[in-house]
Amino acid sequence: DSDGTVVLERRTQKTKPPKLYQVVMLNDDYTPMEFVVIVIQEYFGKDLETATQIMLKIHLDGRGVCGVYSRDVAATKVSQVLDAANKAGHPLQCVAEPLD
Ligand code: TYC
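Cut-offs applied
- Residues numbered from 1 in each chain as written.
- Predicted model: local features only at pLDDT ≥ 70, side-chain atom pairs only at ≥ 80, totals over all residues.
- Pairing = 2+ DSSP bridges.
- Helix = DSSP H or I, 4+ residues; strand = E, 2+ residues; numbered from the N terminus.
- Axes fitted to C-alpha atoms, helices over the stretch in contact; angles between N-to-C directions.
- Contact = placed C-beta atoms within 7 Å.
- Buried ≥ 20, exposed ≤ 12 C-beta atoms within 10 Å, placed from the backbone.
- Expected span 1.5 Å × (residues − 1).
- Arc of directions from axis to C-beta.

### Quick word on the sheet that holds strand 2 (residues 63–70)
Okay, so step 1: Strand order in the open sheet formed by 3 strands is 2-1-3, and the pairing between neighbours is antiparallel. Across the chains shown, the open sheet's two edge strands, defined by having one partner strand only, are strand 2 and strand 3 (93–98). Across this sheet, the average inter-strand angle for adjacent strands is 25°, counted without regard to direction.
Okay, so step 2: Strand direction decides the pairing type here: strand 1 (residues 20–26) and strand 2, joined by 7 bridges, are antiparallel. Across the sheet, Met25 pairs through a bridge with Gly64, a residue of strand 2.
Okay, so step 3: Against the sheet, helix 2 (residues 48–61) touches strand 1 and strand 2, its axis set at about 125° to strand 2.
Okay, so step 4: Strands in contact with helix 3 (residues 71–88) are strand 1, strand 2 and strand 3; relative to strand 2, the strand with the most contacts, it is inclined by about 135°.

### Looking at the environment of Leu26
Okay, so step 1: Note on placement: Leu26 falls in strand 1.
Okay, so step 2: Judged by local crowding, Leu26 falls into the partly exposed class, with 14 C-beta atoms found within 10 Å.
Okay, so step 3: Separated by 69 residues in the primary sequence, Leu26 and Val95 have C-alpha atoms spaced 8.1 Å apart.
Okay, so step 4: Residues contacting Leu26, with those up to four places away along its chain left out, are Gly62, Arg63, Gln93 and Cys94.

### Thoughts on helix 2
Okay, so step 1: Its 14 residues give helix 2 an end-to-end C-alpha distance of 20 Å, which sits within 8% of 20 Å, the value for a rise of 1.5 Å per residue.
Okay, so step 2: Among the residues making up helix 2, those that are buried are Ala51, Ile54, Met55 and Ile58. Projection of helix 2 onto a plane perpendicular to its axis shows the buried side chains occupying an angular sector of 100°, all on one side. Those residues of helix 2 that are exposed and aimed more than 90 degrees away from the buried face are Glu49, Leu60 and Asp61.
Okay, so step 3: Looking at the buried side of helix 2, the elements it contacts are strand 1, helix 1 (33–44) and strand 2.
Okay, so step 4: Positive phi appears at Gly62, one or two residues downstream of helix 2, with a value of about 95°.

Everything listed here is a matter of geometry and, on its own, says nothing about what the molecule does.
Quick look at the structure:
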């Protein structure tokens, strides 16, 4: 360095990119399809057609990815969905799952 001190080269990555989380919605027998479509539009920013496709995928496969986010944002989405479902009296469930 200009003052003669030694600056060591960093050979390892210090800051890791943030881990990403899928927000996965789960099927149930009681939540109305229309409610699920509205929730997906409202909290995951999807248009009507995309939200409908995701809802039908969940209905047929048992689960579906509504979006991929950082840990904090994913946790907020889960809370918002569960809160909306509880207030409407529906058993709709969703979870955040870490990606590798
Ligand atoms: N299976 C529900 C019904 O037949 C619809 C549904 C879809 C519920 C997706 C939850 O995440 C869900 N009314």
